[in-house]
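Here is how the chains run, residue by residue.
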Amino acid sequence: MAAEAGTNQSVERAASVLGAFLEGRAELRVSDVAKHSGLGQSTASRLLATLEQISYVERDPVSGLYRLGPALITLAGVAVNQHPVHREARQRTQDLAHTLGLGANVAERRDDTMFYLCNFEGKLAPKSFVLMGQRNPLHATGIGKCLLLGVPDRRALLGEDLHRYTPNTAATHDELDRIVEQVRTQGYATEVEELALGRACVAAPILDRTGSVVAGISISGPLSAMDLERREEELARRVIEVADAISVGLGYLGPVHAPASRS
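- In the nomenclature of an unreviewed UniProt entry, the chain is known as IclR family transcriptional regulator of Actinophytocola glycyrrhizae.

The structure is reproduced here in structure tokens:
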């Protein structure tokens, strides 16, 4: 039991070292890793050396700074390629971004956040970073609102206080409830400067063979490129069509109706 506990602790410490790189900086000193992971500097240094041997981190030969290594890219590639939603959505999402020149994103819910499975940028919505693997709040995003369709108790999931990212973010659960019901009625969600100023999106839910909401897909970009005043109906139709195609690929055959009772 003592050996097992020691092994578990070593794994947890190694995970905390890797987690230090999620704070935003690409390269870290040993002292930075120790601070973020809560470990002693000698322990952090020893774990980094071990992780370097198996290519989970690598060290710049000039600066001596550590960054995440190529083995993690391999693991991430295997994980995402095994995901059924990613496999079904990837090509369709890429085609959508190319056709419209806007961003196209697919995400699922992980606990109280949305988790990006894939994203592609069109020429009108370029990014200098990749969204895949990142998280965003549910109540302040188009995809997030679609994912909330499958959550019966949103207060329990999100907590009573909804963080306001901009003046346009839903501030109360009553407001969020009205928004989610509108999404249910019209079949798609919009988000205009609710997470970040200057950006908007249109999103639709993706269903599995049971009819459950398992993911969402969005078209996104700068306000000027999205031009929702004139293009909301067009973009909503496009994103719903692609969401429906992905859902069918996942086995969704349409709503199931109970047979009429015989008199």
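**What to know about the state of the cysteines**
(1) Moving on: Overall, the coordinates contain zero disulfides when judged by the stated rule.
(2) Moving on: This cysteine, C201, is not joined by any disulfide, and C146 carries the nearest cysteine sulfur, 8.2 Å off.

**What about helix α2 (residues 30-37)?**
(1) Moving on: Along α2, the positions that sit buried rather than exposed are V30, D32, V33, A34 and S37.
(2) Moving on: A positive phi of about 80° marks G38, the residue just after α2.

**Some words on the side chain of R154**
(1) Moving on: Relative to the helices and strands, R154 is located in helix α7 (residues 154-158).
(2) Moving on: What makes R154 buried here is its relative accessible area of 10%.
(3) Moving on: Of note is the side chain of R154, whose polar atom sits 3.3 Å from the backbone oxygen of L148.
(4) Moving on: Residues contacting R154, with those up to four places away along its chain left out, are L148, G159, H173, D177, V180 and E181.

**What about the nonpolar core?**
(1) Moving on: V106, V202, I206, I217, I219, M226 and L235 are the most contacted members of the largest nonpolar core, which totals 30 residues.
(2) Moving on: Mapped onto this core, the elements with two or more residues apiece are α5 (84-100), β3 (103-110), β4 (113-120), β7 (199-207), β8 (213-222), α9 (223-226) and α10 (228-249).
(3) Moving on: Considering each element in turn, this core owes the most residues, seven residues, to α10.
(4) Moving on: When near neighbours in sequence (up to four residues on either side) are disregarded, V106 contacts V85, A89, T93, F115, Y116, L117, C118, I143, I206, G216 and I217.
(5) Moving on: Membership of the second largest hydrophobic core comes to 18 residues, among which are Y116, L147, L149 and A203.

**With respect to the sheet that holds β8**
(1) Moving on: Taken together, six strands build an open sheet; the order of strands is β5-β4-β3-β8-β7-β6 and the sheet is antiparallel. Looking along the sheet, the strands with just one partner apiece sit at the ends: β5 (135-137) and β6 (189-192). For this sheet, the mean inter-axis angle between neighbouring strands, taken without regard to orientation, is 30°.
(2) Moving on: With nine bridges joining them, β7 and β8 adopt antiparallel strand pairing. Residue pairing in the sheet places I206 in a bridge with A215 of β8.

Conventions and cut-offs
Residues numbered from 1 in each chain as written. Predicted model: local features only at pLDDT ≥ 70, side-chain atom pairs only at ≥ 80, totals over all residues. Heavy atoms only, no water. Disulfide = S-S within 2.5 Å. Buried < 20%, exposed > 50% of the residue type's maximum accessible area, 1.4 Å probe, protein only. Helix = DSSP H or I, 4+ residues; strand = E, 2+ residues; numbered from the N terminus. Polar contact = N/O pair within 3.5 Å; in protein donor to acceptor, adjacent residues only side chain to side chain. Contact = heavy atoms within 4.5 Å. Core = buried A, V, L, I, M, F, W, Y, C linked by side-chain atoms within 4.5 Å. Pairing = 2+ DSSP bridges. Axes fitted to C-alpha atoms, helices over the stretch in contact; angles between N-to-C directions.

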